[in-house]
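Listed below are the residues making up each chain.
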Amino acid sequence: MEILRTIDSVRQWVRAQRAAGRPIHFVPTMGYFHEGHLSLMRRARADGGAVIVSIFVNPLQFGPREDLERYPRDFERDRQMAESVGVEAIFYPEVAEMYPAGYQTEVRVKELSKPLCGRSRPGHFEGVATVVLKLFNIVAPDRAYFGMKDYQQLRIIQQLVRDMNLSIEIVPCPIVREADGLAMSSRNVYLTPEERTAATVLYRSLQWAQAQYAAGERDAAQLRAGVARQIAAEPLARIDYVEVVDAETLQPIERIERPAVAALAVFFGKARLIDNCLLGD
Ligand code: PAF
């Protein structure tokens, strides 16, 4: 497997793959892999391309009081895990390679960046959209794979691709969960054993919402209140937001008449966890 530290080396590698007639399948990540990441890599491989993964903890998407410094990192572990699922190259740049001195440009997907996580993490999605557009320009993939746990991020990237006329197919991939339902996340390492147990309330409350929806409930406020009530009853949980929004626009809705998403962000100690479920197709 190739470890590529520079933009030029990525471009060379991509040219060689293309010359051999292989499509480029790309999995952008911030590293510290878990099964969720590996599921994206396996899917990228199963779809029959040359698989390249990026590992870059992007400073632009962290707020001043967020966890940039302590975000978990272990390149050697990541390298081995990626190799075990058939990844052929890792783009692992330094910050200065991505944002050299004098760097100025930022990208903003206006409306989709405002609600949900956009409210409590100002500037976060500008950081995400900027780095993803840069990575897309560097790698020029045919397909890129994103997990649905970061549902708002996925919608923003789909919109970015559409608005910027990029010929990249965005492949959304299902949330991967631990046996007890907790969505896999690199940030789960921040949880104490007590918080880890308490955090299972998130998936239970989302399952409750799905069951209510399946039984015919279409009142978004009822579903939202039910999810929030269950989480609030957990003493170690501190709700950032719980919302039921339109699955395409991410705007709040009163009744579910089109596909919707129940989305939440909840603090357990130092960890801010997000999760969601679709209501409707
Ligand atoms: O989801 C992530 O890991 C990051 O937000 C991404 C898409 C790699 C951009 O830094």
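Above: the structure in question.
Structure report, in brief. As the structure is a prediction and not an experimental result, all values here were calculated from the model. For every chain, the first residue of the written sequence is number 1, and numbering continues from 1 along that sequence. Since the coordinates come from a predicted model, pLDDT governs what is reported: local features require at least 70, and pairs of side-chain atoms require 80 or more to be given and counted, while whole-chain, interface and lining totals use all residues. Remark: hydrogens and water are excluded; side-chain values derive from all non-hydrogen atoms of the structure.

Bringing helix H2 (residues 35-46) into the picture now. What counts as a helix is a DSSP run of H or I of at least four residues, what counts as a strand is a run of E of at least two, and both are numbered from the N terminus. Expected helix span is given by 1.5 Å per residue-to-residue step, counting one fewer step than there are residues. Between the first and last C-alpha of H2 there are 16 Å, a value that for 12 residues agrees with the 16 Å anticipated at 1.5 Å per step. Taken as a whole, H2 has its buried residues at Gly 36, His 37, Leu 38, Leu 40, Met 41 and Ala 44. By the convention used here, residues are in contact when the closest approach between their heavy atoms is within 4.5 Å. Where the residues of H2 are buried, they touch strand E2 (24-29), strand E3 (50-55), helix H3 (75-84), strand E5 (143-147) and strand E6 (169-173). Looking one or two residues beyond H2, the residue adopting positive phi is Gly 48, at roughly 90°. Throughout this description, buried means an accessible area under 20% of the type-specific maximum (1.4 Å probe, protein chains only), exposed means over 50%, and partly exposed covers the range between.

What follows concerns the sheet that holds strand E7 (residues 237-246). The pairing of strands in a sheet comes from backbone hydrogen bonds and takes either a parallel or an antiparallel form. Note on pairing: DSSP must find at least two bridges between two strands before they are called paired. Spatially, the 3 strands line up as an open sheet ordered E7-E8-E9, and their pairing is antiparallel. Edge positions in the open sheet fall to E7 and strand E9 (271-279), since each of these has one partner strand only. Taking the axes of each pair of neighbouring strands and ignoring which way they run, one obtains an average angle of 15° across the sheet. Here E7 pairs with strand E8 (residues 260-268) via 9 bridges, running antiparallel. As a rule, the C-alpha atoms of each element are fitted with a line to give its axis, helices using only the stretch in contact, and angles between N-to-C directions run from 0 to 180 degrees.

Note that Pro 72 resides in the loop between E3 and H3. In the structure, Pro 72 is positioned 209 residues away from Asp 281 in sequence and 35 Å away in space, judged by C-alpha atoms.

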